[in-house]
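Coordinate inspection notes
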Amino acid sequence: MNKLLLHACCAPCLTAPLERLVDKFDGPVTVLFYNPNIAPQAEHDKRLGEVERYLKGRYGTAVDLIALPPDREAFDATTAPFADTDERGVRCTVCYFLRLRRTFEEAKARGMTHAATTLTVSPHKDAKRLNSMGLGLEKRYGVSYLTGMWEYARTLELCREYAIYRQNYCGCTASMRERDERRREHKEKKGGRP
Ligand code: SF4
């Protein structure tokens, strides 16, 4: 029996990979929402709510969902030394690893044969690095990793079709600051005041 645990970072990134994978396994695909990086709590809950709404509306009982509580204090403590590194730098590598490792732990504990993550769909993520991490974890946990290179354009279509909320920062407080900085620079370029 082939069973998949699919880590989802958010509803937009979940759309296209799940569409591709939903009927390729024995029994329902299980989606795992584990994202201790997302701050504040209200934003975390909003993104989880969108995942729930999308799954229920499109797939009904054909997909299972597991939502793990966000142990954000542990996340912040682990990533704090790298808080000032750029997006796609060490901070993100650690963030990817924490979420992928937990995905493999859960997959192993729940008797899943395969694991994957929707993180690779976003052009803001380093898919090559994520896939090489996944293949390393595959060896450690004995759970097959699907090296996903999903269609980003399809996620945009599905977001429009299902009116899915698309967040404007990646998730952690550092990415929130970077978004604010980009906005400020943009405003300055246009001649406005910050
Ligand atoms: S920018 Fe995104 S991937 Fe990088 S550390 Fe922050 S939440 Fe994680």
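Structure: see above.
So, here is what we can say about the structure in this document.

What holds strands together in a sheet is hydrogen bonding between their backbones, with the strands either parallel or antiparallel. With respect to topology, five strands assemble into an open sheet ordered 3-2-1-4-5, the strand pairing being parallel. Sheet topology places strand 3 (63-67) and strand 5 (144-145) at the edges, where each strand pairs with a single neighbour. Sheet contacts for helix 1 (residues 11-21): strand 1 (4-8), strand 2 (29-33), strand 3 and strand 4 (114-117); angle to strand 1, the most-contacted strand, approximately 165°. Helix-sheet contacts for helix 2 (residues 41-59) involve strand 1, strand 2 and strand 3, and the interaxial angle to strand 3 is about 170°.

Another aspect to go through is the site of the ligand. The immediate surroundings of the ligand are formed by Asn37, Glu87, Arg91, Cys92, Cys95, Cys170, Gly171, Cys172, Ala174 and Ser175. For the shell around the ligand, the leading source of residues is helix 4 (residues 90-109), giving three residues. Residues that form the shell around the ligand fall into these classes: five nonpolar, three polar and two charged.

Put simply, alanine 39 and proline 40 share a cis peptide bond, and its omega is -10°. Examined against the element boundaries, proline 40 turns out to sit in the loop between strand 2 and helix 2. Backbone geometry places alanine 163, a non-glycine residue, at a positive phi of 50°. Take alanine 163: it is sitting in the loop between helix 6 (152-161) and helix 7 (173-189). The exposure class assigned to alanine 163 is exposed, which follows from the 10 C-beta atoms found within 10 Å.

Moving on, we come to the packing of helix 1 against helix 6. As a packed pair, helix 1 and helix 6 sit with axes 8 Å apart at the nearest point and diverge in direction by 115°. Judged by the inter-axis angle, helix 1 sits roughly perpendicular to helix 6. Like other packed secondary-structure pairs, helix 1 and helix 6 cross with a definite hand, here right-handed. Two secondary-structure elements touch here, helix 1 through Pro12, Cys13, Thr15 and Ala16 and helix 6 through Arg154, Thr155, Leu158 and Cys159. For the contact of helix 1 with helix 6, the class distribution of residues is five nonpolar, two polar and one charged.

With 40 residues, the main nonpolar core has Leu6, Ala8, Leu14, Val31 and Ala115 as its most contacted residues. Elements supplying a minimum of two residues to this core: strand 1, helix 1, strand 2, helix 2, helix 4, strand 4 and helix 5 (127-141). Counting residues per element, this core draws most heavily on helix 4, which supplies six residues. Among all residues touching valine 31, those that are not within four sequence positions of it are Leu6, Ala8, Leu14, Leu55, Val63, Asp64 and Leu65.

The next thing to look at is the pairing of strand 2. Along strand 2, four of the five residues are buried, which leaves the element largely enclosed by surrounding structure. Of the strand pairs in this sheet, strand 1 and strand 2 are connected by four bridges, and their pairing is parallel. Among the inter-strand pairings, histidine 7 is bridged to a residue of strand 2, identified as leucine 32. As a crossover connection, the stretch from strand 1 through helix 1 into strand 2 is right-handed. Of the strand pairs in this sheet, strand 2 and strand 3 are connected by five bridges, and their pairing is parallel. Following the sheet pairing, leucine 32 is matched in strand 3 by isoleucine 66.

Thresholds applied
- Residues numbered from 1 in each chain as written.
- Predicted model: local features only at pLDDT ≥ 70, side-chain atom pairs only at ≥ 80, totals over all residues.
- Pairing = 2+ DSSP bridges.
- Helix = DSSP H or I, 4+ residues; strand = E, 2+ residues; numbered from the N terminus.
- Contact = placed C-beta atoms within 7 Å.
- Axes fitted to C-alpha atoms, helices over the stretch in contact; angles between N-to-C directions.
- Near = placed C-beta within 6 Å.
- Nonpolar A, V, L, I, M, F, W, Y, C, P; charged D, E, K, R; others polar.
- Buried ≥ 20, exposed ≤ 12 C-beta atoms within 10 Å, placed from the backbone.
- Parallel < 35°, antiparallel > 145°, perpendicular 65-115°, else oblique.
- Left-handed = near helix turned anticlockwise from the far one by under 90°.
- Core = buried A, V, L, I, M, F, W, Y, C linked by C-beta atoms within 7 Å.
- Right-handed = clockwise from strand over helix to strand, strands pointing away.

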